[in-house]
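Tertiary structure, described
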Amino acid sequence: MNAHRIRGLYAITPEGAAGEDLVALAEEALAGGAAILQYRAKAASAAERLATGTRLREVARRYGALCIVNDDVELALLLDADGVHLGRDDGALAVARARLGPQRLLGASCYDSLTAARAAVAAGADYLAFGSVYASPTKPGHVRAPLKLFAEARALGRPLVAIGGITLENAPAVLAAGADALAVISALFDAPEVRSRARAFARLFLPGAMA
């Protein structure tokens, strides 16, 4: 099981890029130190998702990073990805757990709810995501998750991922609150140099960085 690897910069692919352009952006993030790459492409066709996902899986493997597929268990299995991440409208977690088997990761969006997190653990989730922690340009109307949730969720015994409005400026406070990984889209992929920005995020996880 790779749940212990849910730590570090968790890069989520942006919707504004596709094909080889997206693969190139993802490679820059991985070269800068992203530990996890999630392929998120809500508007792409099934054929596009398979083709691009295959390339992203190859690149992630080359850099020793985890490759997670957003909201599509069957695509994750087709790609031989490391796991899938599901929101509350993306299907039952227990069904996904059964389809994925014990070797692939199952991540769950828990928004601002400790109750949802407990239910996710009971259904077999390997890691829990809370957010939006801050105002997010990707989901501007999303519910806000207070930082205290991370301390409260530690007792659930799963890695915790923070998502929503994470920047280099507010990231230290999120890590101090108890997050294991920082899921980032805009602050990473909108940067002038994606590799340099990824490197800056990755440095936050080095020993002594938060001292």
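Everything discussed here concerns the structure shown above.
Here's what I pulled together on the structure shown here.

About the criteria used
- Residues numbered from 1 in each chain as written.
- Predicted model: local features only at pLDDT ≥ 70, side-chain atom pairs only at ≥ 80, totals over all residues.
- Heavy atoms only, no water.
- Helix = DSSP H or I, 4+ residues; strand = E, 2+ residues; numbered from the N terminus.
- Expected span 1.5 Å × (residues − 1).
- Buried < 20%, exposed > 50% of the residue type's maximum accessible area, 1.4 Å probe, protein only.
- Arc of directions from axis to C-beta.
- Contact = heavy atoms within 4.5 Å.
- 1 Å grid on protein atoms, 1.4 Å probe; cavity = no way out; pocket = protein on both sides within 12 Å on 5 of 7 lines; lining within 4 Å.
- Points joined across faces, edges and corners; volume = space filled by probe spheres on them.
- Nonpolar A, V, L, I, M, F, W, Y, C, P; charged D, E, K, R; others polar.
- Core = buried A, V, L, I, M, F, W, Y, C linked by side-chain atoms within 4.5 Å.

Considerations on helix α1 (residues 19-31)
Taking 1.5 Å of rise per residue, the 13 residues of α1 would be expected to cover 18 Å, and the 18 Å separating its terminal C-alpha atoms lies within 8% of that figure. Taken as a whole, α1 has its buried residues at L22, V23, A26, A29 and L30. Looking down the long axis of α1, one finds its buried residues gathered within 120 degrees of arc, a one-sided arrangement. Looking at the buried residues of α1, the elements they touch are β1 (8-12), β2 (36-39), α2 (46-62), α8 (186-189) and α9 (194-203). Two residues or fewer past α1, G33 is found with a positive phi of approximately 120 degrees.

Re the layout of surface pockets
Gaps left between atoms show up when a probe the size of a water molecule is rolled over them. A volume near 150 Å³ is recorded for the second largest pocket. Lining the second largest pocket are P14, E15, A17, A18, G19, L22, Y39, R40, A41, A44, E48 and T52. At the level of secondary structure, the elements contributing two or more residues to the lining of the second largest pocket comprise α1 and α2. Looking at the lining of the second largest pocket, its residues break down into 7 nonpolar, 2 polar and 3 charged.

Observations regarding the nonpolar core
Note that soluble globular proteins tend to have their nonpolar side chains buried in a common cluster. With 62 residues, the main nonpolar core has L128, F130, I166, L182, L188 and F201 as its most contacted residues. Ranked by the residues each element gives to this core, the list is headed by α1, at 5 residues. With sequence-adjacent residues up to four places away left out, L182 is seen in contact with G8, L9, Y10, A162, I166, A171, V174, L175, F201, L204 and F205. Residues I6, Y10, Y127 and A181 belong to the second largest nonpolar core, which totals 14 residues.

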